[in-house]
Amino acid sequence: MAPLRLETLLALLAAAADAKNVIDASVPGRPLRRLRALGSPTSSLNVTLTVDVAELRLPGFRLWTRTYDGDVPGPTLRTRPDQALHVTLDNQLSSIDNDKGRHGNFKELNTTSLHFHGIVPKSLDGRALMAQRIEPGARGTFSVALAADHATPGFGFFHPHWHGSSTVQTAGGMSGLIFVDGADDLRDNFSTMPEVPLHVLFLPFEAELDVARMQWTDDDAAPGPFRWRFNRDVSARVEGAPRSTLLVNGRPEPVIRLDAGRWYRFRVLCAGTFYRFFAGPPRGCEWRLLAKDGVPVGPRAPRALGTLPLYPGSRADVLVRCEPGRRPWSTMSAAAAGVADVEDADVEHYVRDPGLIATLVVRDAGPPAPRELTELGTFAPRRPCYLNADAPVGARRTLALGAHANTMNGAAFAPTAGPLADVPRGAVVQYDVEGAARHPVHWHGLPVRLVGPAAAPGAYLQAGDWHDTLMVYRANVTVVQRVVFPAGATMLVHCHTLQHADYGLMGYLRVGAGAAPCAAGARASDGSCA
């Protein structure tokens with residue numbers, strides 16, 4: 001018998017390693033999983049995550065995908081203002097088929113990095129993030145020092161961000177929730193209300209985004225995003241997959257058990273990279289919108305909510321109360337949600353057919369619930385300094401998205417490129433965002449306040465709302481941002497339809513000289529820095 005070539009032997013060993021992590025999500029309708037949570041009472045939270053392959057068994061088919069600690073999703077990180085968060089990645093993925101490819105396309109699918117999405121740090125170096133990578137077989141640490149006046153309860157998540165591989169890794173389930181606890185900016189019963197964390201992930205399997213083929217073919221003559229080569233090592237080998245599969249906390253169609261007449265806080269993350277969907281309250285339930293992207297709505301919270309749009313990278317805190325019974329909770333089509341301007345060329349981004357998210361099984365609670373869990377008032381949220389944008393606009397910048405050319409301000413992202421713009425420290429900066437229709441735009445580090453227009457269904461997006469990930473339903477939108485980072489900081493901005501960012505729809509803003517912002521830790525209910 002001929003001896004095995006080294007490459008063949010390594011491939012066999014990699015295939016054998018695939019089986020060491022098995023995620024059984026094959027049976028729908030199981031109780032909602034309680035996600036593993038990691039925290040620390042000290043001044044720093046130190047976490048080590050292993051990046052490795054797992055076999056994900058889903059109803060009627062299976063796939064192999066990349067994971068944190070062999071699970072989908074990864075653990076939940078619970079941190080607090082002024083704490084240092086250090087996450088070490090131990091990359092156990094194979095170097096086989098880790099093609100370098102071409103810049104601006106999918107490449108290096110087993111090289112990884114880490115982004116703390118929605119977390120407000122003391123300062124930020126976005127350019128350094130795009131240079132730090134963990135190769136297969138290597139380890140590296142990613143750190144963030146949370147702002148002392150970070151809004152609480154904050155809500156973010158972590159996911160890969162290496163340029164060229166962020167799509168396939170995040171789309172396959174590499175992400176986890178981040179909650180910022182501490183001195184609460186909520187009031188009374190809102191801060192003590194039972195939490196229901198929901199990590200919602202659409203796995204995309206249709207042809208142009210099939211995770212079984214997310215490997216760019218470097219020797220293809222024709223450029224474009226729709227030519228793939230099967231990545232035999234770890235790219236989600238799919239057998240009989242449907243168009244898409246929805247997972248909640250890593251499982252299909254879970255059962256969420258609630259007590260009738262009590263308010264619960266659903267903390268919902270849309271962790272996918274492509275699909276956008278809409279949901280209304282289950283029949284027999286009512287809901288209110290408390291916060292978006294970790295920031296309570298204003299001027300008073302909570303407020304009425306009709307349709308809940310969820311799009312890549314977005315988070316929402318929704319208060320839910322139900323009558324007794326079995327309450328299916330399903331997605332809605334864009335048409336049913338009232339989105340009338342979805343173009344035919346763009347309709348594949350939306351979940352078209354209703355699908356079950358979860359089933360709420362609501363029991364009669366028996367003895368009366370405490371008053372704070374049954375009565376719901378409103379309050380004026382306190383605002384940290386960086387959420388004060390009421391001062392006159394001190395600078396105005398244009399961010400022009402080339403959504404089909406995958407450019408920002410006329411150029412595709414390159415590690416050596418200069419900034420999209422310089423923004424003065426301490427100023428309120430207005431961004432006129434152009435060409436972003438039907439795309440989610442994400443600002444790293446600091447949220448932005450919507451000025452208008454937005455045109456979301458159900459009044460979900462309103463002038464004055466704060467977001468770090470904003471779905472733009474019209475061609476242009478105007479937002480403002482209080483720049484509190486020191487001079488020299490750099491803040492990435494990109495489309496959070498992540499394949500667009502991998503292709504080049506990304507850039508960075510550089511903080512220049514300017515007056516010092518208001519004192520850290522200042523809070524007031526009207527958003528001023530008193």
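Residues numbered from 1 in each chain as written. Predicted model: local features only at pLDDT ≥ 70, side-chain atom pairs only at ≥ 80, totals over all residues. Heavy atoms only, no water.

1. Quick look at the overall build of the protein
If you tally the helices and strands in the protein, you get five helices and 35 strands. Considering the protein as a whole, with its 530 residues, one finds that 60% of them fall into the buried category. Taking all contacts inside the protein whose residues are at least 6 apart in sequence as the whole, residues at least 24 apart take part in 82%. Of the accessible surface of the protein, which amounts to about 19,200 Å², a share of 52% is contributed by carbon and sulfur atoms. (Helix = DSSP H or I, 4+ residues; strand = E, 2+ residues; numbered from the N terminus. Buried < 20%, exposed > 50% of the residue type's maximum accessible area, 1.4 Å probe, protein only. Contact = heavy atoms within 4.5 Å. Areas by Shrake-Rupley, 256 points an atom, 1.4 Å probe, with all protein chains shown as cover.)

2. Quick look at the packing of aromatic side chains
Considering all chains together, one arrives at six aromatic pairs under this definition. Between phenylalanine 155 and phenylalanine 179, the aromatic rings sit 5.1 Å apart at their centres with planes inclined by 50 degrees, giving tilted as the arrangement. Highlighted residues: phenylalanine 155 in strand 9 (residues 154–159) and phenylalanine 179 in strand 10 (residues 176–180), separated in sequence by 24 residues. Accessibility classification places phenylalanine 155 together with phenylalanine 179 in one group, the buried group. An aromatic cluster is built from Phe266, Trp287 and Trp329, whose rings are joined through pairwise contacts. Its guanidinium or amino end placed over the ring of phenylalanine 155, arginine 267 lies 5.1 Å from that ring's centre, counting from NZ or CZ. Positioned above the aromatic ring of tyrosine 460 is the side chain of lysine 292, whose terminal nitrogen or guanidinium carbon lies 4.6 Å from the ring centre. (Phe/Tyr/Trp six-rings, centres within 6.5 Å; stacked < 30°, edge-to-face > 60°. Lys NZ or Arg CZ within 6 Å of the ring centre and 35° of its normal.)

3. Observations concerning the sheet that holds strand 21 (residues 325–332)
The sheet built from five strands is open, its strands ordered 13-22-21-15-19 with mixed pairing. Two strands in the sheet have a free side with no partner beyond their single neighbour: strand 13 (255–259) and strand 19 (308–310). Strand-to-strand twist across the sheet, computed as the mean angle between neighbouring axes with direction ignored, equals 25 degrees. In terms of strand pairing, strand 15 (residues 277–279) meets strand 19 through three bridges, oriented antiparallel. Bridge assignment links alanine 279 to a residue of strand 19, and that residue is leucine 308. (Pairing = 2+ DSSP bridges. Axes fitted to C-alpha atoms, helices over the stretch in contact; angles between N-to-C directions.)

4. Some remarks on the nonpolar core
Counting residues in each nonpolar core, the largest one holds 91 residues, and the members touching the most others are Leu198, Phe266, Tyr431 and Trp443. If near-sequence neighbours (up to four positions away) are discounted, tryptophan 443 is found in contact with Leu399, Tyr431, Val433, Val448, Asp468, Leu470, Val479, Gln481, Leu492 and Val493. Judged by nonpolar contacts, the second largest core, of 29 residues, contains Leu45, Ile134, Met506 and Tyr508. (Core = buried A, V, L, I, M, F, W, Y, C linked by side-chain atoms within 4.5 Å.)

5. Examining the sheet that holds strand 30 (residues 466–467)
Pairing within the open sheet is mixed, and its six strands lie in the order 25-24-27-32-29-30. Edge strands, defined here as strands with exactly one partner in the open sheet, are strand 25 (407–408) and strand 30.

6. A short note on the pairing of strand 34 (residues 506–512)
The element strand 34 is largely enclosed, with a buried count of six among its seven residues. Of the pairings in the sheet, the one linking strand 33 (residues 490–495) to strand 34 comprises five bridges and is antiparallel in character. Residue pairing across strands places histidine 494 opposite methionine 506, the latter belonging to strand 34.

7. Some thoughts on the side chain of arginine 251
Relative to the assigned elements, arginine 251 resides in the loop between strand 12 (244–248) and strand 13. A distance of 3.4 Å separates the side chain of arginine 251 from the backbone oxygen of aspartate 24, its partner in a polar contact. (Polar contact = N/O pair within 3.5 Å; in protein donor to acceptor, adjacent residues only side chain to side chain.)

8. Let's talk about the pairing of strand 22 (residues 356–363)
Burial of strand 22 is extensive: six of the eight residues sit out of reach of the surface. Where strand 13 meets strand 22, five bridges bridge the pair, whose relative direction is parallel. Bridging from a neighbouring strand, isoleucine 256 pairs with leucine 360 of strand 22. Judged from the six bridges that link them, strand 21 and strand 22 form a sheet pairing that is antiparallel. Within strand 22, the position partnered with tryptophan 329 by the bridge is alanine 358.

9. Here we look at the state of the cysteines
For the structure on display, the rule yields one disulfide. The disulfide partner of cysteine 285 is cysteine 322, and the S-S distance across this bridge is 2.1 Å. The disulfide joining cysteine 285 to cysteine 322 has a torsion of about 105 degrees about its S-S bond and is therefore right-handed. Separated by 37 residues along the polypeptide, cysteine 285 in strand 16 (residues 285–292) and cysteine 322 in strand 20 (residues 315–322) bring together distant segments of the chain. Each member of the pair, cysteine 285 as well as cysteine 322, carries the same accessibility label: buried. (Disulfide = S-S within 2.5 Å.)

10. Some details on the pattern of salt bridges
By the definition in use, this model includes 27 salt bridges. Across the pair glutamate 55 and arginine 57 runs a salt bridge whose closest N-O atoms are separated by 2.9 Å. Using a relative accessible area of 5% as the deciding quantity, one classes glutamate 55 as buried. Since its relative accessible area comes to 37%, arginine 57 is described here as partly exposed. (Salt bridge = Lys/Arg side-chain N within 4 Å of Asp/Glu carboxyl O.)

11. Section: unusual backbone geometry
Leave glycine aside and you will find that most residues have negative phi; peptide bonds, for their part, are mostly trans. Cis rather than trans, the peptide bond between threonine 152 and proline 153 has omega equal to 0 degrees. Examined against the element boundaries, proline 153 turns out to sit in the loop between strand 8 (139–145) and strand 9. In the segment running from glycine 298 into proline 299, the intervening peptide bond is cis, with an omega of 5 degrees. Of note, proline 299 is situated in the loop between strand 17 (295–296) and strand 18 (303–304).

12. As for the environment of leucine 387
Along the chain, the position of leucine 387 falls in the loop between strand 23 (383–384) and strand 24 (393–402). Along the chain, leucine 387 and valine 483 lie 96 residues apart, while their C-alpha atoms are 9.7 Å from each other.

13. Describing the side chain of histidine 467
Inspection of the secondary structure assignment puts histidine 467 in strand 30. There is a polar contact of 3.1 Å between the side chain of histidine 467 and the side chain of lysine 292. For histidine 467, the residues in contact, after removing those within four places along its chain, are Lys292, Asp293, Tyr311, Pro447, Val448, Tyr460 and Leu461.

14. Digging into the environment of arginine 36
By the element assignment, arginine 36 lies in the loop between strand 1 (22–24) and strand 2 (37–39). Judged by relative accessible area, which is 44%, arginine 36 ranks as partly exposed. Excluding residues that lie within four positions of it along the chain, arginine 36 makes contacts with Asp69, Pro75 and Thr76. At a separation of 2.8 Å, a polar atom in the side chain of arginine 36 contacts the side chain of aspartate 69.

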